[in-house]
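Listed below, chain by chain, are the residues.
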Amino acid sequence: MMEKVGMHPDQWREDPDAAFSALFTGQVDVATGFVTTELLAAEKAGYQLHVIYPDDYGVHFSTDSLVTTDAYLAANRETVVRFLRATLRGWRFAIENPTEAAQLTVHYNPAADPMYELNTLTASLPFIHTGQDPIGMMTIEEWTGMVDALGTYEFLDQTVPDPTDVFTLEILREIYPEQ
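The structure displayed is predicted, hence computed values, not measured ones.

Participant: What am I meant to see in a nonpolar patch on the surface here?
Facilitator: On the surface, Phe93, Leu104 and Tyr108 cluster together into a nonpolar patch covering about 320 Å² of accessible area. Position of Leu104 relative to the elements: it lies in helix H4 (residues 98–108).

Dropping the structure here:
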């Protein structure tokens, strides 16, 4: 179990299976959620929350990574390259045209709430494109840090491969040759 710095274990309630809404009923003191979804929903419901960004405390995690197997990549390299190019083109469009991108979401899912889709996308933009690197770029240090943190805090039930065995920027470097 992760030690909470400066707190004794009887000073907090922990329920790893609790829904984010358990925060509002007082069942838990802290909840995990995405600023792009749960936080927006909480604010829409009138809750004012104090957000703790793990990144501010040295916990750097990438989310929503695209993965494939070595076998699939070897047999379908051009498909993987085209898929990644299309994905990046879509993200660039969404970054440059968030209102239109949200409208496209509603077009393909008429049950979607247009304002929610726009707010979610707008909240996502700083995570999709930090302004430091091209969209999709990450470092082996980030992956190593994630694996180390998950191991340190015992969140993993199995041994995770060495990040250098599963991490590659090969295709991204092909798409972004200057990187």
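Participant: How do you make sense of the packing of aromatic side chains when you look at a structure like this?
Facilitator: Each aromatic ring pair is specified by the distance between its two centres and by the angle formed by the two planes. Counting across every chain of the model gives three aromatic pairs. A centroid spacing of 5.7 Å and a plane angle of 80 degrees characterise the contact between Phe20 and Phe24, whose relative ring orientation is edge-to-face. Here Phe24 and Tyr47 contribute two aromatic rings whose centre-to-centre distance is 3.8 Å and whose plane-to-plane angle is 10 degrees, an arrangement assigned as stacked. A residue pair is termed long-range when its members are at least 10 positions apart, and Phe24 in the segment before helix H1 (38–44) and Tyr47 in the loop between H1 and helix H2 (70–75) qualify at 23 residues.

Participant: What exactly am I supposed to notice about helix H6 (residues 140–152) here?
Facilitator: Residues three or four positions apart in an α-helix share a direction because the helix packs 3.6 residues into each turn. For H6, which comprises 13 residues, the first-to-last C-alpha distance of 18 Å matches the rise-based estimate of 18 Å (1.5 Å per residue) to within 8%. Residues of H6 that are buried include every one of Trp143, Met146 and Ala149, and no others. Looking straight down H6, one finds that the buried residues subtend no more than 130 degrees of arc, so they occupy a single side. Turned more than 90 degrees away from the buried face of H6, the exposed residues are Glu141 and Thr152. Along its buried surface, H6 packs onto helix H7 (163–166).

Participant: So what exactly am I meant to see when it comes to the nonpolar core here?
Facilitator: For soluble globular proteins, nonpolar side chains are generally found buried alongside one another. Counting residues in hydrophobic clusters, the biggest one holds 21 residues, and the most contacted among them are Leu88, Ile171, Leu172 and Tyr176. Counting only elements with at least two residues in this core, the list comes to helix H3 (77–96), helix H5 (114–128), H6 and helix H8 (170–175). It is H3 that provides the largest number of residues to this core, a total of five residues. Setting aside residues up to four positions removed in sequence, Ile171 forms contacts with Leu73, Arg77, Val80, Val81 and Leu84.

Participant: Even after reading the chapter, I still don't get the environment of Gly136, so can you show me in this structure?
Facilitator: Along the chain, the position of Gly136 falls in the loop between H5 and H6. Given the relative accessible area of 34%, Gly136 is considered partly exposed. Between the alpha carbons of Gly136 and Leu84 there is a distance of 9.4 Å; along the sequence they are 52 residues apart.

Participant: I would appreciate a short explanation of a negative patch on the surface in the present structure.
Facilitator: There is a patch of like negative charges on the surface, built from Asp55, Asp56, Asp133, Glu141 and Glu142. Within the fold, Asp133 resides in the loop between H5 and H6.

Participant: Sorry, what's going on with the environment of Val166 here?
Facilitator: With respect to the element layout, Val166 can be found in helix H7. Taking relative accessible area as the criterion, Val166 reaches 49% and is therefore assigned partly exposed. In the structure, Val166 is positioned 98 residues away from Thr68 in sequence and 9.7 Å away in space, judged by C-alpha atoms.

Participant: Can you help me understand H4 in this one?
Facilitator: Taken together, the buried positions of H4 are Ala101, Ala102 and Val106. One side of H4 carries all its buried residues, which in axial view fall inside an arc of 145 degrees. The exposed residues of H4 that point more than 90 degrees off its buried face are Gln103, His107 and Tyr108. Looking at the buried residues of H4, the elements they touch are H3 and H5.

Thresholds applied
Residues numbered from 1 in each chain as written. Predicted model: local features only at pLDDT ≥ 70, side-chain atom pairs only at ≥ 80, totals over all residues. Heavy atoms only, no water. Patch = residues over 30% accessible without salt bridge, like charges linked within 9 Å, V, L, I, M, F, W, Y side chains within 5 Å. Areas by Shrake-Rupley, 256 points an atom, 1.4 Å probe, with all protein chains shown as cover. Salt bridge = Lys/Arg side-chain N within 4 Å of Asp/Glu carboxyl O. Helix = DSSP H or I, 4+ residues; strand = E, 2+ residues; numbered from the N terminus. Phe/Tyr/Trp six-rings, centres within 6.5 Å; stacked < 30°, edge-to-face > 60°. Expected span 1.5 Å × (residues − 1). Buried < 20%, exposed > 50% of the residue type's maximum accessible area, 1.4 Å probe, protein only. Arc of directions from axis to C-beta. Contact = heavy atoms within 4.5 Å. Core = buried A, V, L, I, M, F, W, Y, C linked by side-chain atoms within 4.5 Å. Lys, Arg positive; Asp, Glu negative; His and termini not counted. Charge placed at Lys NZ, Arg CZ, Asp CG, Glu CD.

No statement about biological role is implied by the geometric values presented.
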